[in-house]
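Next come the chains, spelled out residue by residue.
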Amino acid sequence: MRRSGKSSLLNLYRNWLVNEKKIEEKNIVYINFESLKYANLTEYQALYDYVCGISSQAGTKVYLLFDEIQNVKEWEKAVNALRVDCDCEIVLTGSNARLLSGELATLLAGRYVEIQMFPLSFDEFLEFRKSSGEDIHKSFDAFLRFGGLPGLHELQASPRATSQYLSDVFNSVLLKDVVSRNNIRDSELLNRIIQFIFDNVGSTFSAKNISDFLKSQGRKLGVETIYNYLDYLENAFVIERVKRFDLKGRKYLETQEKIYAADVGIRNSVLGYRPSDIGRRISPAS
């Protein structure tokens, strides 16, 4: 999910290479593709040529750290070619589960390790706040209200500013990772579905219930389309789906799953804070 700390983790790994593994800085290629400094490298051929030049001059193994790699057009071609043509270790970050789908799965099958990053758990949340000397009950209330995005701890801001931050993150995810990426035309209808899902987190889910609800509001949307929307939201790490397990048959049932918000703060930014529904707000990942 966006703003969950991927870039910070990549920088920590970079520092580990330098300080613990004693890798020279000249052998580490760190590129953040959200920076205009590297705007000329957002085509796969340009990126490949640039890195090959550095690799040939280094004459030894190079470490390629690419942040927000999805901003490079057809980036998987460059990554696959660099893996073959250069003595290198490659670490990528990106904000969408689709990074590891399609052509990449074919090109790099069995050659990558995926690490999914989620917002902070409550235990990690406490680590970020331990210097405050705050009572654990107060910290838990803050966690339920604002969630686990690490950036909140840098703001040191008022609840109003924090709520605005969460709303901006949600809108960014919705616009870039869901609506634009999947060519959704009716974003207002998608917003209604999200509100319905967030209002019923932790309850047994039925796409037909959503379809019937929308029909009662004068809007028509098929069950199959709703499941497609759920896939889009899950790929953008907005929601987590928990399937029901049949212990006797040892197989997942295809219906009667539960859905949770990936971050309780994001949910609160959409619905508002409701202290009374604590039982449904806590997801398995929290």
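These numbers were taken from a predicted model, which means no experiment stands behind them.

**Things to note about the environment of Met1**
And step 1. Position of Met1 among the secondary structure elements: in the segment before helix H1 (6-19).
And step 2. Exposure remark for Met1: the relative accessible area of 6% places this residue in the buried category.
And step 3. Along the sequence, Met1 and Ala236 sit 235 residues apart, while their C-alpha atoms lie 6.4 Å from each other.
And step 4. Discounting residues that sit within four places of it in the chain, Met1 has contacts with Lys6, Met117, Pro119, Val169, Ala236, Phe237, Ala262 and Ile266.

**Comments concerning the state of the cysteines**
And step 1. Applying the stated criterion across every chain yields a total of zero disulfides.
And step 2. Here Cys86 stays unpaired: no disulfide links it, and the sulfur of Cys52, its closest cysteine neighbor, is 3.8 Å away.
And step 3. Relative accessible area serves as the criterion here: at 10%, Cys86 is assigned to the buried category.
And step 4. Sulfur of Cys88: no disulfide; nearest cysteine sulfur belongs to Cys86 and is 5.4 Å away.
And step 5. The class for Cys88 is buried, based on a relative accessible area of 17%.

**A look at the sheet that holds strand E3 (residues 88-92)**
And step 1. Taken together, the three strands give an open sheet; going across it, the order is E1-E2-E3, and neighbouring strands pair in parallel fashion. Two strands in the sheet have a free side with no partner beyond their single neighbour: strand E1 (28-32) and E3. Sheet twist, expressed as the mean angle between neighbouring strand axes with direction ignored, is 10°.
And step 2. For strand E2 (residues 62-67) and E3, the ladder comprises five bridges, and the chain directions are parallel. In the strand pairing of E3, Val62 is matched with Cys88.
And step 3. In the packing of H1 onto the sheet, contacts are made with E1, E2 and E3, and the angle to E2 comes to roughly 165°.
And step 4. Along the sheet face, helix H3 (residues 75-85) touches E2 and E3 and points at about 155° away from the line of E3.

Conventions used here
- Residues numbered from 1 in each chain as written.
- Predicted model: local features only at pLDDT ≥ 70, side-chain atom pairs only at ≥ 80, totals over all residues.
- Heavy atoms only, no water.
- Helix = DSSP H or I, 4+ residues; strand = E, 2+ residues; numbered from the N terminus.
- Buried < 20%, exposed > 50% of the residue type's maximum accessible area, 1.4 Å probe, protein only.
- Contact = heavy atoms within 4.5 Å.
- Disulfide = S-S within 2.5 Å.
- Pairing = 2+ DSSP bridges.
- Axes fitted to C-alpha atoms, helices over the stretch in contact; angles between N-to-C directions.

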